[in-house]
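Now for the letters of each chain:
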2 protein chains.
Amino acid sequence: MFEVVFLGTGAAVPTRFRNLSSTALIFNGELFLFDCGEGAQIQFRKARLRPGRLSRIFISHFHGDHLFGLPGLLTSLQMAECTQPIHLYGPEGLAEYVDFHKKFARFGLRYPLHVVEVPDGSDGMSWQESGYQILCKPIAHRIRCLGWAIVENARPGKFDVEAADRLGVPNGPDRGRLQKGEAVELSDGRTILPEQVVGASRRGHHFAYCMDTSPTPNAIALAKGADLLIHDSTFKEGEEQSALQSGHSTATQAAHIAREADVHLLALNHISGRYMPFEEKELLDSAKAVFPRTVIASDLKRMTFEYEA
Amino acid sequence: MFEVVFLGTGAAVPTRFRNLSSTALIFNGELFLFDCGEGAQIQFRKARLRPGRLSRIFISHFHGDHLFGLPGLLTSLQMAECTQPIHLYGPEGLAEYVDFHKKFARFGLRYPLHVVEVPDGSDGMSWQESGYQILCKPIAHRIRCLGWAIVENARPGKFDVEAADRLGVPNGPDRGRLQKGEAVELSDGRTILPEQVVGASRRGHHFAYCMDTSPTPNAIALAKGADLLIHDSTFKEGEEQSALQSGHSTATQAAHIAREADVHLLALNHISGRYMPFEEKELLDSAKAVFPRTVIASDLKRMTFEYEA
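Residues numbered from 1 in each chain as written. Chains lettered and ligands numbered in written order. Predicted model: local features only at pLDDT ≥ 70, side-chain atom pairs only at ≥ 80, totals over all residues. Heavy atoms only, no water.

Engineer: Looking at this structure, how should I read the packing of helix H4 (residues 94–104) of chain A against helix H4 (residues 94–104) of chain B?
Structural biologist: A pair of packed helices is characterised by two quantities: the angle between their axes and the separation of those axes. Taken N-terminus to C-terminus, the directions of H4(A) and H4(B) make an angle of 170 degrees; their axes are 12 Å apart at the nearest point. It follows that H4(A) is roughly antiparallel to H4(B) by the angle criterion. Counting all contacts with H4(A), which are made through A:Glu96, A:Tyr97, A:Phe100, A:His101 and A:Phe104, the residues of H4(B) involved are B:Glu96, B:Tyr97, B:Phe100, B:His101 and B:Phe104. The class makeup of the residues in the contact of H4(A) with H4(B) is 6 nonpolar, 2 polar and 2 charged. (Axes fitted to C-alpha atoms, helices over the stretch in contact; angles between N-to-C directions. Helix = DSSP H or I, 4+ residues; strand = E, 2+ residues; numbered from the N terminus. Parallel < 35°, antiparallel > 145°, perpendicular 65-115°, else oblique. Contact = heavy atoms within 4.5 Å. Nonpolar A, V, L, I, M, F, W, Y, C, P; charged D, E, K, R; others polar.)

Engineer: Explain the relation of the copies chain B and chain A to me, please; I cannot follow it from the model alone.
Structural biologist: The operation linking the two copies of the chain is a rotation about an axis combined with a translation along the axis. Aligned on chain A, chain B shows an RMSD of 0.1 Å; the corresponding rotation is 180 degrees and the shift along the axis is 0.0 Å. The superposition operator between the copies reduces to a two-fold rotation axis. Scanning chain B for the C-alpha nearest the rotation axis identifies B:Gly39, at a separation of 2.6 Å. Of the interface residues in chain B, 100% have counterparts in chain A that sit at the interface too, so the contact is made through matching surfaces. (Least-squares fit on C-alpha atoms with pLDDT ≥ 70 in both.)

Engineer: Please explain the pairing of strand S1 (residues 2–8) of chain B as it appears in this structure.
Structural biologist: A regular strand places its side chains so that they alternate between the two faces of the sheet. Residue and element names in this part refer to chain B. Burial within S1 is extensive, with 7 of its 7 residues counted as buried. As defined by bridge partners, S1 adjoins strand S16 (residues 302–305) across 4 bridges and the pair is classed as antiparallel. Looking at S16, one finds that Val4 is bridged to Met303. The pairing of S1 with strand S2 (residues 22–27) spans 5 bridges and is antiparallel. Considered in S2, the bridge of Gly8 is made with Ser22. (Buried < 20%, exposed > 50% of the residue type's maximum accessible area, 1.4 Å probe, protein only. Pairing = 2+ DSSP bridges.)

Engineer: Where do I start with the side chain of A:His101 in this structure?
Structural biologist: By the secondary structure assignment, A:His101 is in helix H4. What A:His101 contacts, discounting residues up to four positions off in sequence, is A:Pro71, A:Arg106, A:Phe107, B:Phe68, B:Tyr97, B:Phe100 and B:His101.

Engineer: Quick question: what am I supposed to make of the pairing of strand S3 (residues 30–34) of chain B here?
Structural biologist: Residue and element names in this part refer to chain B. Of all 5 residues in S3, 5 are buried, a share of seventy percent or more. Alternating residues of S3 divide into Glu30, Phe32 and Phe34 and Leu31 and Leu33, and every residue in both groups is buried. Of the pairings in the sheet, the one linking S2 to S3 comprises 5 bridges and is antiparallel in character. Residue pairing for S3: Phe27 is matched across the bridge by Glu30.

Engineer: Explain the interface of chain B and chain A here, please?
Structural biologist: Size of an interface, as often reported, equals the accessible area lost when the parts are brought together. Listed by partner, the interface residues are 37 residues for chain B and 37 residues for chain A. Around 3100 Å² of area is buried between chain B and chain A when both sides are counted, 66% of it from carbon and sulfur atoms. The largest per-residue losses of area from chain B upon contact with chain A belong to B:Glu38, B:Phe68 and B:Phe104, which jointly make up 24% of the total buried on that side. On the surface where chain B and chain A come into contact, there are 7 residue pairs in polar contact (both at pLDDT 80 or more). Among the elements of the structure, helix H1 (40–46), helix H2 (64–67), helix H3 (70–79) and H4 of chain B are those that each provide at least two residues to the side of chain B that touches chain A. Looking at which element gives the most residues to the side of chain B that touches chain A, the answer is H3(B), with 6 residues. Of the residues that constitute the side of chain B that touches chain A, the class distribution is 18 nonpolar, 12 polar and 7 charged. (Buried area = accessible area lost by both parts, 1.4 Å probe. Polar contact = N/O pair within 3.5 Å; in protein donor to acceptor, adjacent residues only side chain to side chain.)

Engineer: Where do I start with the packing of aromatic side chains in this structure?
Structural biologist: Geometrically, a pair of aromatic rings is defined through the distance of the ring centres and the angle of the planes. On inspection of all chains with the given rule, the structure shows 39 aromatic pairs over all chains. Their ring planes at 25 degrees and their centres at 6.3 Å tell us that A:Trp127 and A:Trp148 sit as a pair that is stacked. Of this pair, A:Trp127 sits in strand S7 (residues 125–129) while A:Trp148 sits in strand S9 (residues 145–152), and the two are 21 residues apart along the sequence. Comparing A:Trp127 with A:Trp148, the two get one shared label, buried. An aromatic cluster is built from A:Phe2, A:Phe27, A:Phe32, A:Phe34, A:Phe58, A:Tyr89, A:Trp127, A:Tyr132, A:Trp148, A:Phe207, A:Tyr209 and A:Phe305, whose rings are joined through pairwise contacts. The ring of A:Tyr307 has A:Arg155 sitting right over it, with the charged end atom 3.6 Å from the ring centre. Above the plane of the ring of B:Tyr275 lies B:Arg274, whose end atom (NZ or CZ) is 4.9 Å from the centre. (Phe/Tyr/Trp six-rings, centres within 6.5 Å; stacked < 30°, edge-to-face > 60°. Lys NZ or Arg CZ within 6 Å of the ring centre and 35° of its normal.)

Engineer: Would you mind showing me how to read the nonpolar core here?
Structural biologist: One recurring pattern in soluble globular proteins: nonpolar side chains tend to sit buried together. Counting residues in each nonpolar core, the largest one holds 69 residues, and the members touching the most others are A:Ile57, A:Leu70, B:Ile57 and B:Leu70. For A:Ile57, the contacting residues outside a window of four places in its chain are A:Leu33, A:Leu70, A:Leu73, A:Leu74, A:Ile86, A:His87, A:Leu88 and A:Tyr89. (Core = buried A, V, L, I, M, F, W, Y, C linked by side-chain atoms within 4.5 Å.)

Engineer: Mind showing me how you'd approach the pattern of salt bridges here?
Structural biologist: Close approach of charged atoms lets side chains of opposite charge pair. Counting across every chain of the model gives 22 salt bridges over all chains. Here A:Glu3 and A:Arg302 are joined by a salt bridge, their closest N and O atoms 3.0 Å apart. Of this pair, A:Glu3 sits in strand S1 (residues 2–8) while A:Arg302 sits in strand S16 (residues 302–305), and the two are 299 residues apart along the sequence. Residue class for A:Glu3 comes out buried when judged on its relative accessible area of 18%. For B:Arg203, the salt bridge goes to B:Asp227, with nearest N and O atoms at 3.5 Å. Here the residue B:Arg203 occupies a position in the loop between helix H7 (194–197) and strand S12 (206–210), and B:Asp227 occupies one in the loop between helix H8 (217–223) and strand S13 (228–232), the gap between them amounting to 24 residues. A residue is classified by how much of its surface remains accessible, and B:Arg203, at 36% relative accessible area, is partly exposed. Among the ionic contacts, a cluster of salt bridges with common partners joins A:Glu30, A:Arg56 and A:Glu129. (Salt bridge = Lys/Arg side-chain N within 4 Å of Asp/Glu carboxyl O.)

Engineer: Honestly, unusual backbone geometry in this entry has me stumped. Any pointers?
Structural biologist: In this structure, the amide linkage connecting A:Met211 to the following residue, A:Asp212, adopts the cis form with an omega of -15 degrees. Phi is positive for B:Asp35, close to 65 degrees, though the residue is something other than glycine. By secondary structure assignment, the location of B:Asp35 is in the loop between S3 and H1.

Engineer: Would you mind showing me how to read the sheet that holds strand S3 (residues 30–34) of chain A here?
Structural biologist: Note: strands within a sheet are paired through backbone hydrogen bonds, in either parallel or antiparallel orientation. Residue and element names in this part refer to chain A. Ordered in space as S6-S5-S4-S3-S2-S1-S16, the 7 strands form an open sheet in which the pairing is mixed. Both outer strands of the open sheet, strand S6 (113–118) and S16, are each paired with one neighbouring strand and no more. Neighbour-to-neighbour, the strand axes of the sheet open up by a mean angle of 20 degrees, direction not taken into account. The sheet contact formed by S3 and strand S4 (residues 54–58) spans 4 bridges and is parallel. Counterpart to Phe34 in the pairing with S4 is Phe58. Sitting on the sheet, helix H3 (residues 70–79) is in contact with S3, S4, strand S5 (86–91) and S6, with an inclination near 165 degrees to S4.

These figures capture arrangement, not role.
Pasting the structure below:
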């Protein structure tokens, strides 16, 4: 399973109800952060997440509402005496941003900080980590902006206990080896192959994050078949022109992306303070009319995703 | 009268109870901000202060917990369509900090931003504004750090109604002119001088802000006779060595400064997350033993200061 905690779900300016963009993901035993708007570290603490578990931070783009919490977070990890390596991903220029703050505010870091810049010309990158892949593709905002996906490796198929019984595979380590994909030789000399007792491999978890962006095929590519897509939903239906001009999406457009990508769940995010609560309901309803499995993100909301049966 | 709203009263790292350094002052019809730690703009909104009234921002020093909220605040003033001039005061280098963020996060400002840097070599500056003076002096931190005071011009003395009656000054505009310091000629030809009916001029309001700092004579100079001194109180009694090494004060040291400066009220601020609530009581008690008119700051606490009778 994986878990998502929305830390800030507002757009551009914090309101009394929504902080600036940041989302935590607990995946594969690691804690990731997507975007780091001002106040992210404060929300991080309110959500009772542990600084010592944070391992990777992904920055979509360099607008302040996604970025200005980063220097404070990096400083506070230091103050919390974190020693784990932090991998910081984002557009080209990110290292310059970090270095400026380290120098200007005179903070050193005792933990290893690895800054991974995606070159401006790149049309996407990926990194294979232990058990999962990190994917990145440019999405469609006013400035260079990157969408992200975390895709778990395929999991082994289901172990067919009946078939193993029928074949006379004894309970114990032999069954474990078969589950892991190894052939085993039984005491009577027969060789049992994994495919005789293990089903087809099953897809792993898949999380996608596409903010800020107008509708773009790269968002569909990142989210294809995902358990959860978090997508920009800064405008409401009828405001497509404003959305396009500012490099954002309407709730309805986000729903179309989710439908194209055939995701399990869409979370509308980057909710503008222009909208009153009843209008947020309109955002949600308009998206659900296109893609029913839609929720609207809210600060400190937690969501857990289990493997399909 | 003037009003103070503590926005963030913590030290170094935000806690669930205390945000990072920022204090609002409503003085003479203007809204000032002292320091701008991360989250200041969020607390500003929570306190229901109006962005359109903000006119002056004072930065003590360039440690992140006093500074990292500034780019977000400046951006949000823009988003709120503020048009009033903003005067931003702080140590040398402040303009570079603002310019870096404007360029990096690509925000322009439609309101006039006047950055006033206090040169590194300067041992103090002052500015006479309409009705009050702004004072600045270096205080004793690990890096260049400035203390601030806002000192209202002396107010005219009390009008002595009995004396005016006795002298036969008629009710009406003549009394107003005398109050303003002008001589008036009565219908019977006598000249009445202001000093015949108006008492000695009275001191105006005086606010002083000294964070972060070890005990220093400049804090006493800035706070001499103030209605309110907000002073660094990062450590508790017995931790003088740590306080000195890190450029901070104990609560007791803050109280000694307040006593030397003969202020009306001391507010302990920059309260460390190391202390549990019962230890915060110790901070307060140890200060009160030296200077009884002491309070401990807390987030979103508001205090109003009236003129003396």
